[in-house]
Amino acid sequence: MKVFVYGYRKEEAAYFSACAKAMQLEIGTCAQRPTLENAQLCQGYECISVLSTPIDAALLQKLQEVGVRFLSTRTVGYDHIDLAYARKIGIHIGNATYASESVADYTIMLILMALRKMKLILQSAVSQDYSFDAVLGSNLKGKTLGVIGTGAIGQTLIRHIAGFDCRILAYNPHPRKEMEQYVTYVDLNTLYQNSDIITLHVPLNDATYHLLNEAAFARMKPGVIIVNTARGPLIDNTALIAAIESGKVGAAALDVVEGETGIYYNRRKGKILKQHDMAVLNSFPNVLLTPHLAFLTDDSYRDMVTHSMKSCYLFMHGEENPWLIQ
Ligand code: COI
């Protein structure tokens, strides 16, 4: 059985080798993302594995023409894939889960970094400014944290951060009974009005696009801290910049940002950043941008590869596949 892997990275090599051996797979690889130009590389492969680069209708069409029937993304999110078109032409799509601690831990780190003004502390230290100027932080204890989305990552975050003695409000269309020992489920409006810190853990889709927009920021507490380790377009950059400039938003820590596609994960040293919002956000002392790395742990790498390969294996064997997107 054969699987073709796009976006292959050397850090993943050992995990792919282990899968090849354990599942008797013949694995073809290409370091580049799939494009119309290199799609013929997977001719003869029923299953391919990709990362988070855009997979639009034209590319899906081309992949189908060369015989692809199953596309597994080695990511939890699958908003980079035109699912509707894939369905239309009969390509099945799967994602790959990994331990939610990777993103949950990183989120806690960003929350603490924002509270303690860590960007400014690090910047000041570089220029040997060791004064207390503008670096007075706040404790998490006693704050109200608003968690939007209580899926796997949201739940892990809540369980771990509960030890900091903060009050936790949560919003999820379907509240989870087992989380009620840690959180009070509220509607979005109540969460906006009462939270000192708001963190996002929902998928990106039509319903969540620009969830945090001008109207949402207007309902928040002055000085609120915004944390996003989910997907950039959940936040309207223009509205966020205005809210930071007016002081409504006191700080933001963003591992993802609207417009990051094609910029993050590339070597861009010496290049002009044409994404103006990112440049403006990055210039603010109270905004910390990190390049979509919350997932990046050795455990996640292993799971992303192993689950993607298992998913291809299950597809080829016609067996039930927990990663199949219905
Ligand atoms: C995901 O798994 O959905 C992520 O956000 C990480 C990925 C872009 C590498």
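Residues numbered from 1 in each chain as written. Predicted model: local features only at pLDDT ≥ 70, side-chain atom pairs only at ≥ 80, totals over all residues. Heavy atoms only, no water.

Quick note on the threshold: UniProt positions are given in the numbering used here, feature names are shortened, and annotations may be inferred rather than shown by experiment.
Named according to an unreviewed UniProt entry, the chain is D-lactate dehydrogenase originating from [Clostridium] innocuum 2959. Listed under Sequence similarities (unreviewed entry) in UniProt, the entry text for the chain is "Belongs to the D-isomer specific 2-hydroxyacid dehydrogenase family."

**Looking at the overall build of the chain**
Threshold: Each helix is a run of DSSP H or I of at least 4 residues and each strand a run of E of at least 2, with the numbering of both proceeding from the N terminus. A radius of gyration in this sense is built from C-alpha atoms; the matching globule rule multiplies 2.2 Å by the number of residues raised to 0.38. Only protein chains enter the accessibility calculation, which uses a 1.4 Å probe. A residue is then buried if its area is under 20% of the maximum for its type, exposed if over 50%, and partly exposed in between. Whether two residues touch is decided by their heavy atoms; if any such pair falls within 4.5 Å, the residues are in contact. Areas reported as accessible are Shrake-Rupley estimates using a 1.4 Å probe. Residue values count occlusion only from the protein chains shown.
A count of helical and extended segments in the chain gives 11 helices and 12 strands. Computed over its C-alpha atoms, the radius of gyration of the chain comes to 21 Å, within 12% of the 20 Å expected for a compact globule of 326 residues. Its C-alpha atoms put the chain at 60 × 50 × 35 Å along the principal axes. Taken over 326 residues, the chain has a buried fraction of 50%. The contacts in the chain between residues at least 6 apart in sequence include a share of 66% that link residues at least 24 apart. Accessible surface, the chain: about 15900 Å² in total, of which carbon and sulfur atoms supply 53%.

**With respect to helix α9 (residues 237–246)**
The set of residues buried in α9 consists of Asn237, Ala239, Leu240, Ile241, Ala243 and Ile244. The inward-facing, buried residues of α9 abut α8 (214–218), β11 (249–254), α10 (276–283) and β12 (287–289). Of the residues trailing α9, Gly247 is marked for its positive phi of about 90°.

**Notes on the nonpolar core**
Under the convention used in this document: Each nonpolar core is a collection of buried residues, namely Ala, Val, Leu, Ile, Met, Phe, Trp, Tyr and Cys, held together in the definition by side-chain atoms within 4.5 Å.
Ile148, Tyr192, Leu212, Phe217, Met220, Ile226 and Leu281 are the most contacted members of the largest nonpolar core, which totals 35 residues. Within the residue set of this core, elements represented by two or more residues are α7 (188–194), β9 (197–200), α8, β10 (224–228), α9, β11, α10 and β12. Per element, the largest residue contribution to this core is 5 residues, and it comes from α9. Discounting chain neighbours no more than four positions away, the residues touching Phe217 are Leu212, Ile226, Ile235, Ala239, Leu240, Ala243, Lys248 and Val249. Membership of the second largest hydrophobic core comes to 32 residues, among which are Leu51, Val103, Ile111 and Cys166.

**Observations regarding the sheet that holds strand β5 (residues 92–94)**
Defined as follows: We call two strands paired when DSSP finds no fewer than two bridges between them. Between the N-to-C directions of two axes lies an angle of 0 to 180 degrees, each axis being a line fitted to C-alpha atoms and, for a helix, fitted only over the stretch in contact.
The strand order β2-β1-β3-β4-β5 describes an open sheet built from 5 strands, whose pairing is parallel. A strand with exactly one partner marks an edge of an open sheet, and here the two such strands are β2 (26–30) and β5. Mean inter-strand twist for the sheet, computed between neighbouring axes without regard to direction, equals 20°. With 3 bridges connecting them, strand β1 (residues 2–6) and strand β3 (residues 47–50) associate as parallel partners. Bridging from a neighbouring strand, Val5 pairs with Ser49 of β3.

**Points about the side chain of Ser100**
By the element assignment, Ser100 lies in the loop between β5 and α4 (101–115). Setting aside residues up to four positions removed in sequence, Ser100 forms contacts with Ala152, Ile153 and Thr156.

**Structural notes on the pairing of strand β4 (residues 70–73)**
Inclusion rule: When the strands point away from the viewer, a crossover counts as right-handed if the route from the first strand across the helix to the second turns clockwise.
A two-sided burial pattern is seen for β4, the buried positions comprising Phe70 and Ser72 on one face and Leu71 and Thr73 on the other. The sheet contact formed by β3 and β4 spans 4 bridges and is parallel. Note on β4: the bridge partner recorded for Val50 is Thr73. For the crossover from β3 across helix α2 (residues 57–65) to β4, the handedness is right-handed. Strand direction decides the pairing type here: β4 and β5, joined by 3 bridges, are parallel. Across the sheet, Leu71 pairs through a bridge with Ile93, a residue of β5. After leaving β4, the chain enters helix α3 (residues 83–89) and then returns to the sheet as β5, a path that is right-handed.

**Things to note about the site of the ligand**
Which entries qualify depends on this criterion: Note on terminology: near, applied to a residue and a molecule or strand, indicates that one of the residue's heavy atoms is within 4 Å of it. Throughout this description, a polar contact denotes any pair of N or O atoms lying within 3.5 Å of each other; where both atoms belong to protein, one of them has to be capable of donating a hydrogen while the other can accept it, and for residues adjacent in sequence the pair is counted only when both atoms sit in side chains.
In the vicinity of the ligand, the residues found are Ser52, Thr75, Val76, Gly77, Tyr98, Arg231, Tyr265, His292 and Phe295. A distance of 2.7 Å separates an oxygen atom of the ligand from a polar atom in the backbone of Val76. A distance of 2.5 Å separates an oxygen atom of the ligand from a polar atom in the side chain of Tyr98. Protein chains shield 93% of the accessible area of the ligand, which is 280 Å² for the free molecule.

**Considerations on the environment of Arg176**
Its place among the elements puts Arg176 in the loop between β7 (167–171) and β8 (184–185). Its relative accessible area of 31% is what places Arg176 among the partly exposed residues. Expressed as a C-alpha distance, the spacing of Arg176 and Gln155, which sit 21 residues apart in the sequence, is 9.1 Å.

**Focus on the sheet that holds β8**
In space, the 7 strands of this open sheet follow the order β8-β7-β6-β9-β10-β11-β12, with parallel pairing throughout. The open sheet terminates on both sides in strands that have one partner only, identified here as β8 and β12. Inspection of the sheet shows strand β6 (residues 144–148) paired to β7 by 5 bridges, in the parallel sense. Each residue of the ladder has a partner; that of Gly146, found in β7, is Leu169.

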